Amino acid sequence: FDRGEPSTTSCIKVHSSPVKVEFWVEAHELRNSGLVLKAMMDKVLSEMGTSAQSSAHQPSVSDASKLSVVSTPIEDSSVTPESFLEFFRKFLVTTMGATELPDESIIEERSGVLGFTSRSFVRHVMDRSGRTVRCYEFGEDESLQDLLATTHCQAH
């Protein structure tokens, strides 16, 4: 990690009376702002038709003490915060081949994210009134039961 901060701490404790060994791992807060996220953002920026560029490991727009992938100002695209959800829905269905369900959620089957993983499944749930998308990532679990991660997207 660039700043020398560990993502986990492993602990082993040897107890007496009776002698037992205990082992656990504590996961620390981890914020990723690297090249994989930059590549994902670059794809979205390209689909938006903008010449804006993104940079990894930049001070966050909302909290300069944290790092993010941040784009340059987007001044040459018709996509706005108000239209972003509809743009993103079309991007998922048309470009990424995702399936829109009757409940308006969208199921995306990814066949290798940037060549790093095998097939994985994501359920995207859009809240148009709050201008948010929640992406529930299930890894290889096609039944969408084993939730591995969530992504929250909000257009301000």
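Residues numbered from 1 in each chain as written. Predicted model: local features only at pLDDT ≥ 70, side-chain atom pairs only at ≥ 80, totals over all residues. Heavy atoms only, no water.

Trainee: Can you break down the packing of aromatic side chains residue by residue, with the values?
Mentor: Per the counting criterion, the structure on display carries 4 aromatic pairs. Seen from their ring centres, Phe 84 and Phe 88 are 5.8 Å apart, and the 15° between their planes marks the pair as stacked. Taken together, the residues Phe 84 and Phe 88, both in helix H2 (residues 84–95) and 4 residues apart, mark about one turn of the helix. By the burial criterion, Phe 84 is buried, and Phe 88 matches it. Between Phe 88 and Phe 91, the ring centres sit 6.1 Å apart and the planes meet at 25°, which makes this aromatic pair stacked. Of the two residues, Phe 88 and Phe 91 are both situated in helix H2; the distance of 3 residues between them amounts to about one turn of the helix. Each member of the pair, Phe 88 as well as Phe 91, is classed as buried. (Phe/Tyr/Trp six-rings, centres within 6.5 Å; stacked < 30°, edge-to-face > 60°. Helix = DSSP H or I, 4+ residues; strand = E, 2+ residues; numbered from the N terminus. Buried < 20%, exposed > 50% of the residue type's maximum accessible area, 1.4 Å probe, protein only.)

Trainee: Give me the side chain of Glu 108: which residues, what numbers.
Mentor: Position of Glu 108 relative to the elements: it lies in strand E6 (residues 106–111). In terms of polar contacts, Glu 108 uses its side chain to reach the side chain of Arg 110, at 3.3 Å. There is a polar contact of 2.8 Å between the side chain of Glu 108 and the side chain of His 124. The contacts of Glu 108, once residues within four sequence positions are left out, are Leu 92, Met 96, Ala 98, Ser 120, Phe 121, Val 122 and His 124. (Polar contact = N/O pair within 3.5 Å; in protein donor to acceptor, adjacent residues only side chain to side chain. Contact = heavy atoms within 4.5 Å.)

Trainee: Describe the nonpolar core, and please don't skip the residues or the numbers.
Mentor: Phe 84, Phe 87, Phe 88, Leu 92 and Met 126 are the most contacted members of the largest nonpolar core, which has 17 residues in total. When contributions to this core are tallied by element, the ones reaching two or more residues are helix H1 (35–47), H2, strand E7 (119–127) and strand E8 (132–137). No other element matches H2, which puts 6 residues into this core. Apart from residues no more than four positions distant in its own chain, Phe 84 is found in contact with Val 44, Val 79, Cys 153 and Ala 155. (Core = buried A, V, L, I, M, F, W, Y, C linked by side-chain atoms within 4.5 Å.)

Trainee: Describe in detail the confidence of the model for the chain, supporting the description with residues and values.
Mentor: The predicted model of the chain has a mean per-residue pLDDT of 89, with 93% of residues at 70 or higher. The lowest-confidence element of the chain is strand E1 (residues 8–15), averaging 86 in pLDDT; the highest-confidence one is strand E5 (residues 99–100), averaging 97. (pLDDT = per-residue confidence, 0-100.)

Trainee: Help me get a handle on H1, residues and values and all.
Mentor: Over its 13 residues, H1 extends 18 Å from the first C-alpha to the last, a length consistent with the 18 Å expected when each residue adds 1.5 Å. Note on H1: the residue one or two positions beyond its end, Gly 49, has a positive phi of about 75°. (Expected span 1.5 Å × (residues − 1).)

Trainee: Quick rundown of H2? Include the residues and the values.
Mentor: Among all positions in H2, only Phe 84, Leu 85, Phe 87, Phe 88, Arg 89, Phe 91 and Leu 92 are buried. Following H2 by one or two positions, Gly 97 adopts a phi angle in the positive range, close to 75°.

Trainee: Would you mind going over the environment of Thr 132 in detail, with residue names and values included?
Mentor: With respect to the helices and strands, Thr 132 occurs in strand E8. Residue Thr 132 is classed as buried on the basis of its relative accessible area of 12%. Thr 132 sits 48 residues away from Phe 84 along the chain, and the two C-alpha atoms are 9.5 Å apart.

Trainee: I'd like to hear about unusual backbone geometry, residue by residue, with values.
Mentor: Excluding glycine, residues mostly carry a negative phi; peptide bonds, for their part, are mostly trans. In the segment running from Ser 17 into Pro 18, the intervening peptide bond is cis, with an omega of -10°. Tracing the sequence through the fold places Pro 18 in the loop between E1 and strand E2 (20–27). Backbone geometry places Glu 104, a non-glycine residue, at a positive phi of 75°. Structurally, Glu 104 is set in the loop between E5 and E6. Relative accessible area serves as the criterion here: at 45%, Glu 104 is assigned to the partly exposed category.

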